[in-house]
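The lines below spell out each chain.
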Amino acid sequence: MTDTVLIVDALSAGSGQRTSSRDSIGCGPRTIAGVFELCDIPCGIRRVEDVLYKKGTTRGFTHLAISAMSMDFPVVEQVIKMWNRTRPQGRILLGGPISGEPQRMVSLLRPDVLIIGEGEATLEDLISSDYLDSSIDLSMIQGIAFKKRKDVVVTSRRPAISEEKLSDYYKPSTFRVMDYSGYQASRVYVEVVRGCSNFQRTKIRLPDGRECYDCGSCDSVDPTMRLDCPEDIPPGCGFCSVPATWGSPRSRSEDAIVSEIETLLDLDVHRIVLEAPGFLDYKRGSYPLTTPCSPPANIDAISNLLSRINSIPQMKDGIAHLSVENIKACLFSEPVAKMFSDMLPSISPNIGMETGSEHHARTIGKCSTPQEVLQAVSLAKKFGLNPFVYLIYGLPGENILTVKESVDMVKKLADLSVERIILYGFRPLPGSAFADFDPPTHDDPISQELKQAVSRVNRERKYAYLGRKVKAIAAEASLTHQGYTMFYPLKEGPLITALGGYSPGTLVDIEIEEVLSDGLVRGTVIK
Ligand code: SF4
């Protein structure tokens, strides 16, 4: 039987069903599909919910490749058990951020192979070694972990893929985007930058005793000095594993990005998000770039990229929308704000603040201060943008004082009419400096006041939409209200529910009439 690979997108599914960001299609599974296409191996992508709950979804596939995060452990376990019951012969490959804890994941989930970190070259190596159809000596393959008798073997780290290969050789699949139901209305992520330039580190003492003793490397002007820490503290914000897993930034070429977007738009995709841990790291300096706030953003390179994308017919005709997300406040200068305002008016740059306390921000390894975030929000508003700000509760080092400072910051952000504050609970991510800290309990008393303050601000912001007419795109039938359809504004804005049955991808104009929650409004389709 011809090898056919089922790629399971389990990202953010957690224990079974994605509750937030239901409209996002990450670039990970399409990247993996691109390697199978490169090797002429037929493949298909399915959401994990469909694999688990829709009969016959796995029919015709001989091998399994799962893309997941550590929070998705429960669904990954279910899928592997289900697959082993129905197709014990086929290979089970597992990869994505879940690979940050190789020993534990291989012992507990028992995939045939866990692909650690960056997957393209490792997967190509496995395929060209004929691993899908025959037994090979896996210890010869870099960048994997596998079970050998009672032990888990972790092979040596694979060198990072060059920018040239990331642009000209490994190309994410475009056609497989059509495997996602409702893809026409989804935010489809297109990778622009891989890795992050924040090679500062936390100053908080870690549970195993590692602690910064200020050797000076993190402040060195020599970018290579910042790569390693004598205390072996992972680089970056303590809660984040990006620099440790993906290294310093590598940018894809303008041609690669533009041609991928052109094909996606021709396939009836309407919402493109330029994916980067820090979008302003795009072509911002030579490799390795380990200084998060200098040199300044490469405005020429970014402008060239955005103007080429904006000149694609679907963008010009306004039936497709382009946005960027992650922005470092310390790089968000007036020229940058003006560039976005000219080329991507009304977008919502996402700016990480995490805590309102200057001291706490420094100790967790943040490269931008809360004050710089406040300035960035004010600048963004001045240029007509709609910034989002991220905050985290339950972080190591949090206390009553830092929470109070965060609540004060929420008030200041509200005064600046911040578009939305995204508050989430600290999660100890494998591969991050804070991997061994405990997450907060859901009803953790210390952060209740912060949660209420954020919910209040987000709900109040929704009232600004009442009476507005927005162009929106139909996504899926409402899961809670019979006869209603869920819509996403083509540009930025809240999730909308409206009466009527519309097929995914239908473009309509909606008048917003009611605020239902701090994340949902109701409207009426007017055209
Ligand atoms: S390299 Fe490590 S010990 Fe040195 S300053 Fe940075 S975190 Fe501290």
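Just so it is clear, the structure is predicted and the values come from calculations on it, not from any experiment.

## Brief notes about helix α14 (residues 400-415)
Part 1: With 16 residues, α14 ought to run about 22 Å at 1.5 Å a step, and its terminal C-alpha atoms sit 23 Å apart, in line with that.
Part 2: Those residues of α14 hidden inside the fold are in contact with β15 (350-354), α12 (358-363), α13 (370-382), β16 (388-393), β17 (420-425) and α15 (448-462).
Part 3: Of the residues that open α14, the one with a side-chain oxygen 2.9 Å from the backbone nitrogen of L401 is N399.
Part 4: Just beyond α14, the residue with positive phi is S417, at close to 60°.

## Examining the side chain of D23
Part 1: In this fold, D23 is placed in the loop between β1 (5-9) and β2 (24-25).
Part 2: Polar contacts involving the side chain of D23 include one to the side chain of R271, which spans 3.0 Å.

## Focus on the site of the ligand
Part 1: Taken together, the neighbourhood of the ligand is formed by R201, C212, Y213, D214, C215, G216, S217, C218, C229 and P230.
Part 2: Residue composition of the shell around the ligand, grouped by class: 6 nonpolar, 2 polar and 2 charged.

## Observations concerning the pairing of β15
Put simply, side chains in a regular strand alternate between the two faces of the sheet.
Part 1: Counting buried positions along β15 gives 5 out of 5 residues, so the element sits mostly inside the fold.
Part 2: Neither face of β15 is open: one carries N350, G352 and E354, the other I351 and M353, and all of them are buried.
Part 3: With 2 bridges connecting them, strand β14 (residues 326-327) and β15 associate as parallel partners. Looking across to β15, one finds that N326 is bridged to N350.
Part 4: In this view, the connection linking β14 to its parallel neighbour β15 by way of helix α11 (residues 334-343) has right-handed handedness.
Part 5: Note that β15 and β16 share 4 bridges and pair parallel. By the bridge assignment, E354 is partnered in β16 with L391.

## As for the pattern of salt bridges
Pairs can form between side chains of opposite charge once their charged atoms are near each other.
Part 1: By the definition in use, this model includes 34 salt bridges.
Part 2: Linking E101 and R104 is a salt bridge whose minimum nitrogen-to-oxygen distance equals 3.2 Å.
Part 3: Among the residues examined, E101 registers a relative accessible area of 28% and is labelled partly exposed.
Part 4: Classification of R104 by relative accessible area gives partly exposed; the value is 40%.
Part 5: E211 serves as the salt-bridge partner of R205, at 3.2 Å between the closest nitrogen and oxygen.
Part 6: With a relative accessible area of 32%, E211 lands in the partly exposed category.
Part 7: Three or more residues are tied together by salt bridges with common partners; here these are E118, E120, E191, R194 and R250.

## Section: helix α1 (residues 28-38)
Structurally, the α-helix is built with 3.6 residues per turn, so residues lying three or four positions apart point the same way.
Part 1: For α1, the tally of buried residues reaches 8 of 11 residues, placing the bulk of the element in the interior.
Part 2: Along α1, the residues that are buried comprise P29, R30, T31, I32, A33, G34, V35 and F36.

## A short note on the pairing of strand β9 (residues 187-191)
Part 1: Within β9, 5 of the 5 residues are buried, leaving the element largely enclosed by the surrounding structure.
Part 2: Relative to strand β12 (residues 271-275), β9 is paired through 5 bridges, and the arrangement is parallel. Considered in β12, the bridge of V190 is made with L274.

## Focus: the domain arrangement of the protein chain
Part 1: Structurally, the protein chain comprises domain 1 (5-161), domain 2 (182-463) and domain 3 (466-525).
Part 2: Summarising the inter-unit geometry, the C-alpha centres of domain 1 and domain 3 are found 35 Å apart.

## Focus: the state of the cysteines
Part 1: As enumerated under the stated definition, the model contains 1 disulfide in all.
Part 2: Between the sulfur atoms of C293 and its disulfide mate C330 the distance is 2.2 Å. In this structure the cystine formed by C293 and C330 twists about its S-S bond by roughly -85°; its chirality is therefore left-handed. Of the two residues, C293 sits in the loop between β12 and α9 (299-310) while C330 sits in the loop between β14 and α11, which places them 37 residues apart along the sequence.

## Description of unusual backbone geometry
Part 1: Omega for the bond connecting Y287 with P288 falls within 30 degrees of zero, at -5°, which places this linkage in the cis form.
Part 2: One can find P288 in the loop between β12 and α9.
Part 3: Here S294 and P295 are connected by a cis peptide whose omega angle stands at -5°.
Part 4: Tracing the backbone through its elements, the reader meets P295 in the loop between β12 and α9.
Part 5: Residue D40 is not a glycine yet carries a positive backbone phi of 55°.

## Description of the environment of P296
Part 1: Residue position: P296 is located in the loop between β12 and α9.
Part 2: The exposure class of P296 is exposed, given its relative accessible area of 62%.
Part 3: Distance from P296 to C330, taken between C-alpha atoms, is 8.9 Å for residues 34 residues apart in sequence.
Part 4: What P296 contacts, discounting residues up to four positions off in sequence, is R284 and L331.

## Some thoughts on the sheet that holds β17
Part 1: Read across the sheet, 4 strands follow the order β14-β15-β16-β17 without closing on themselves; strand pairing throughout is parallel. In the strand order of this sheet, the two ends are held by β14 and β17, each with one partner.
Part 2: Pairing between β16 and β17: 6 bridges, direction parallel. In the strand pairing of β17, Y393 is matched with G425.

## Notes on the sheet that holds strand β6 (residues 113-115)
Part 1: Taken together, the 7 strands give an open sheet; going across it, the order is β3-β1-β4-β5-β6-β7-β8, and neighbouring strands pair in mixed fashion. The sheet is open, and its two edges are formed by β3 (43-47) and β8 (151-154), each paired on a single side. Between one strand axis and the next, the sheet turns through 20° on average, direction left out of account.
Part 2: Pairing of strand β5 (residues 92-95) with β6 involves 2 bridges; the strand directions are parallel.

Cut-offs used in this document
Sequence order as written defines residue numbering, which begins from 1 separately in each chain. Residue-level local features of this predicted model are given only where pLDDT is at least 70; pairs of side-chain atoms are given and counted only at 80 or more, and the full residue set underlies all totals for whole chains, interfaces and linings. Derived side-chain values reflect all non-hydrogen atoms in the structure, with water molecules and hydrogen atoms excluded from consideration. Secondary structure elements follow DSSP: runs of H or I no shorter than four residues count as helices, runs of E no shorter than two count as strands, and numbering proceeds from the N terminus. To estimate the expected span of a helix, subtract one from its residue number and multiply by 1.5 Å. Here, residues are in contact when the closest pair of their heavy atoms is within 4.5 Å. Two N or O atoms form a polar contact when they lie within 3.5 Å of each other; inside protein one atom must be a possible hydrogen donor and the other a possible acceptor, and for residues adjacent in sequence the pair counts only when both atoms belong to side chains. Think of it this way: one heavy atom of a residue within 4 Å of a molecule or strand is enough to make that residue near it. The classification used treats Ala, Val, Leu, Ile, Met, Phe, Trp, Tyr, Cys and Pro as nonpolar, Asp, Glu, Lys and Arg as charged, and all other residues, Gly among them, as polar. Working definition: with a 1.4 Å probe on protein chains only, accessible area under 20% of the residue-type maximum means buried, over 50% means exposed, and in between means partly exposed. The rule for pairing is simple: two strands pair if DSSP sees at least two bridges between them. We call a crossover right-handed when, viewed with the strands running away from us, the connection from the first strand over the helix to the second turns clockwise. Salt bridges, as used here, are contacts in which a Lys or Arg side-chain nitrogen is within 4 Å of a carboxyl oxygen on Asp or Glu. Domain boundaries shown here were taken from an automatic or database domain assignment. When two cysteine sulfur atoms lie within 2.5 Å, the pair is treated as a disulfide. In this description, a line fitted to the C-alpha atoms serves as the axis of each element, helices being fitted only across the stretch in contact, and the angle between N-to-C directions of two axes falls anywhere from 0 to 180 degrees.

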